[in-house]
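As a plain string of letters, each chain reads:
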Amino acid sequence: MKLNQNDPNKINLVPKVMFVDMNSYFASCEQQVNYWLRDRPVGVCVYTGRGGAVIALSKAAKKLGIKPARADEIMKKFPQFITLPTNPALYRQFHVKIMKVLQQYSTDVIPKSIDEAVVNFAGYHLVYKDLEAIAREIKQKIKSEVGDYLTCSIGIAPNAFLAKLATDIKKPDGLLVISPENIDQVLEPLMLTDLPGIAKNMAWKLVSHGINSPLQLRYTEPHLLRKACHSIIGEYWHYRLNFREVDISTDEYKSMQAMRQVSKAQRASIDTLMDILRALCLQLEKRMMSHSLRAHFLGYNFYYEDGFAFSDKFRTNIPLQDGIEIMNIILDRIKIAEQEKGDIVIINNGIISMGVFITEFQDAEIIQLALWDNKFKEDNLRKVIYSIKDKFGYEKMLHGSEIQGTPVLKDVIGFGSVKDLL
């Protein structure tokens, strides 16, 4: 496909979206601050015990063909393999610095995860004539302003999906532009499962309808893809491969959740289970406070070692923000459920994970104060508390119920949403 110089939609086909994907991010952060670890096969684990699972690998480890697995299994085959515990604070620190570098080039930077971001250059075509040159400049600036051992792959394309695909094709430390002129050449050697978001099940649906490759996917009519995928998702694949944007979204929250796995030692104590539930509710309070939100809709779930699960969700007339209030409402509903069923105890020693989620947000600043009566003082006090936490650190002032010998929740970090960091 070649651009028609007279095409009024030409501007929409120009590569203007940049996807930045940090290479082997967790391990590279560790190697950045510890010179001895550089160029060695390193694995980052949530737990470094015998059965601890490796969740991230260094570039050297990947070159050896090491895949994420249990640490002890990897070390049997690769005795030189080094395991490290996760250091979430370090990864967040580097993430913020990287985002600040990207924000020097565009006001529209969307973190997609702890190690990825979309930089939208729509509207910047008069400012930046050569995005490839800007990409090389960003790579160098990350090294000089964030860390000399950190590398990234950068993709540039007319939409976020193709820019992401470009980073997957050129790893590590790669740079690739996908445009209307070269897209067929880029797609031709790929398999369906090489496309971000297409797993084996989705690929099977497409193959069963005669769509065997990304190139065929690109040239299949949208209505046929919708039929193959049994949903509008099929149409989206056509749009993505034909340069339409369906993946850049606003930074607004649609929902929030806090969840944790519960260890065998933790579930041995009901008090500890209650502490974890309280901590989850207070995490949501913290996030709502940082975005000045309240939530009308609340849900929670518990999963048990015997395979069973208990969940509940409901809408409140008055939007909630206070974590302890949320916890007390959950406990009240649990008590009612236990009374109705008669033969169950919902918070018991068989719990292996629990989660709390909220949605249907409302701006906390525009809620009618008349609804709140004597809660007005409580809200003002909470604002003061969080202003102190923001200034001096979240551990400097705790809710009375949080004071205990050791924290019940280990600081963890995944590859998901990082909106709260900026």
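Residues numbered from 1 in each chain as written. Predicted model: local features only at pLDDT ≥ 70, side-chain atom pairs only at ≥ 80, totals over all residues. Heavy atoms only, no water.

> Lay out the environment of K205 in plain terms, naming residues and giving numbers.
For K205, the position within the fold is in helix 9 (residues 200-207). What makes K205 partly exposed here is its relative accessible area of 22%. If sequence neighbours within four positions are ignored, K205 has contacts with A228, C229 and H230. (Helix = DSSP H or I, 4+ residues; strand = E, 2+ residues; numbered from the N terminus. Buried < 20%, exposed > 50% of the residue type's maximum accessible area, 1.4 Å probe, protein only. Contact = heavy atoms within 4.5 Å.)

> Break down the packing of aromatic side chains for me, with residues and values.
According to the stated counting rule, one finds 11 aromatic pairs in the structure shown. Here the aromatic rings of F121 and Y128 are separated by 5.4 Å at their centres, their planes lie at 85 degrees, and the arrangement is edge-to-face. Here the aromatic residues Y105, F121, Y124 and Y128 are joined through ring pairs into a cluster of three or more. Across the ring face of W36, the terminal group of R40 is positioned such that the distance to the ring centre comes to 3.9 Å. The positively charged end of R240 is found above the aromatic ring belonging to W237, 4.6 Å away from the centroid. (Phe/Tyr/Trp six-rings, centres within 6.5 Å; stacked < 30°, edge-to-face > 60°. Lys NZ or Arg CZ within 6 Å of the ring centre and 35° of its normal.)

> Quick rundown of the environment of V17? Include the residues and the values.
On the secondary structure map, V17 appears in strand 1 (residues 17-22). Residue classification places V17 among the buried residues on the basis of a relative accessible area of 2%. Residues V17 and L162, spaced 145 residues apart in sequence, show a C-alpha to C-alpha distance of 8.9 Å. For V17, the contacting residues outside a window of four places in its chain are V118, V119, N120, G155, I156, A157, P158, N159, A160, A163, E245 and I248.

> Could you give me a rundown of the packing of helix 11 (residues 222-229) against helix 12 (residues 233-241), with the residues and numbers involved?
Direction vectors running N to C along helix 11 and helix 12 enclose 135 degrees, while the axes themselves pass 6 Å from each other. Here helix 12 runs oblique to helix 11, going by the angle between their axes. For the crossing formed where helix 11 meets helix 12, the hand is right-handed. Between helix 11 and helix 12, the contacting residues are P222, L225, R226 and C229 on the first element and G234, E235 and H238 on the second. Looking at the contact of helix 11 with helix 12, its residues break down into three nonpolar, two polar and two charged. (Axes fitted to C-alpha atoms, helices over the stretch in contact; angles between N-to-C directions. Parallel < 35°, antiparallel > 145°, perpendicular 65-115°, else oblique. Left-handed = near helix turned anticlockwise from the far one by under 90°. Nonpolar A, V, L, I, M, F, W, Y, C, P; charged D, E, K, R; others polar.)

> Could you give me a rundown of the packing of helix 2 (residues 25-33) against helix 5 (residues 88-102), with the residues and numbers involved?
Look at helix 2 against helix 5: their axes get within 10 Å of each other, and the N-to-C directions meet at 95 degrees. When the interaxial angle is binned, helix 2 and helix 5 end up roughly perpendicular. Only L90, Y91, F94, H95 and I98 of helix 5 make contact with helix 2, whose side of the interface consists of Y25, F26, C29, E30, Q32 and V33. Of the residues that constitute the contact of helix 2 with helix 5, the class distribution is eight nonpolar, two polar and one charged.

> Would you mind going over the sheet that holds strand 12 (residues 351-363) in detail, with residue names and values included?
Read across the sheet, four strands follow the order 9-12-10-11 without closing on themselves; strand pairing throughout is antiparallel. At either margin of the open sheet sits one strand with a lone partner, and together these are strand 9 (255-261) and strand 11 (309-320). Pairs of neighbouring strands in the sheet enclose a mean axial angle of 15 degrees, with direction left out of account. For strand 9 and strand 12, the ladder comprises seven bridges, and the chain directions are antiparallel. By the bridge assignment for strand 12, Q261 is matched with S353. Contacting strand 9, strand 10 (293-304), strand 11 and strand 12, helix 14 (residues 270-290) crosses the sheet at an angle of about 25 degrees to strand 12. Contacts between helix 15 (residues 323-341) and the sheet are confined to strand 10, strand 11 and strand 12, with strand 11 contributing the most and set at about 130 degrees to the helix. (Pairing = 2+ DSSP bridges.)

> Account for the pairing of strand 11, with residues named and values stated.
Relative to strand 11, strand 10 runs antiparallel, the two sharing eight bridges. Bridge pairing links Y303 to A309 in strand 11. The hairpin formed by strand 10 and strand 11 contains four residues between the paired strands, and G307 there has a positive phi angle of roughly 95 degrees.

> Kindly report on unusual backbone geometry, identifying the contributing residues and their values.
The residue after K171, namely P172, is reached through a cis peptide bond having omega -10 degrees. Mapped onto the elements of the fold, P172 is located in the loop between helix 7 (160-169) and strand 8 (175-177).

> Break down helix 9 for me, citing the residues and quoting the values.
Residues M202, A203 and L206 constitute the buried set of helix 9. The buried residues of helix 9 occupy an angular sector of 100 degrees when the element is viewed end-on, so they sit on one face. Every exposed residue of helix 9 that faces more than 90 degrees away from the buried side is listed here: K200, N201 and W204. (Arc of directions from axis to C-beta.)

> Help me get a handle on the pattern of salt bridges, residues and values and all.
All told, the structure shown has 16 salt bridges when counted by the stated rule. Close ionic contact of E235 with R226 constitutes a salt bridge, the shortest N to O distance being 3.0 Å. In this structure E235 comes out as buried when scored by relative accessible area, which is 12%. For R226, a relative accessible area of 40% corresponds to the partly exposed category. (Salt bridge = Lys/Arg side-chain N within 4 Å of Asp/Glu carboxyl O.)

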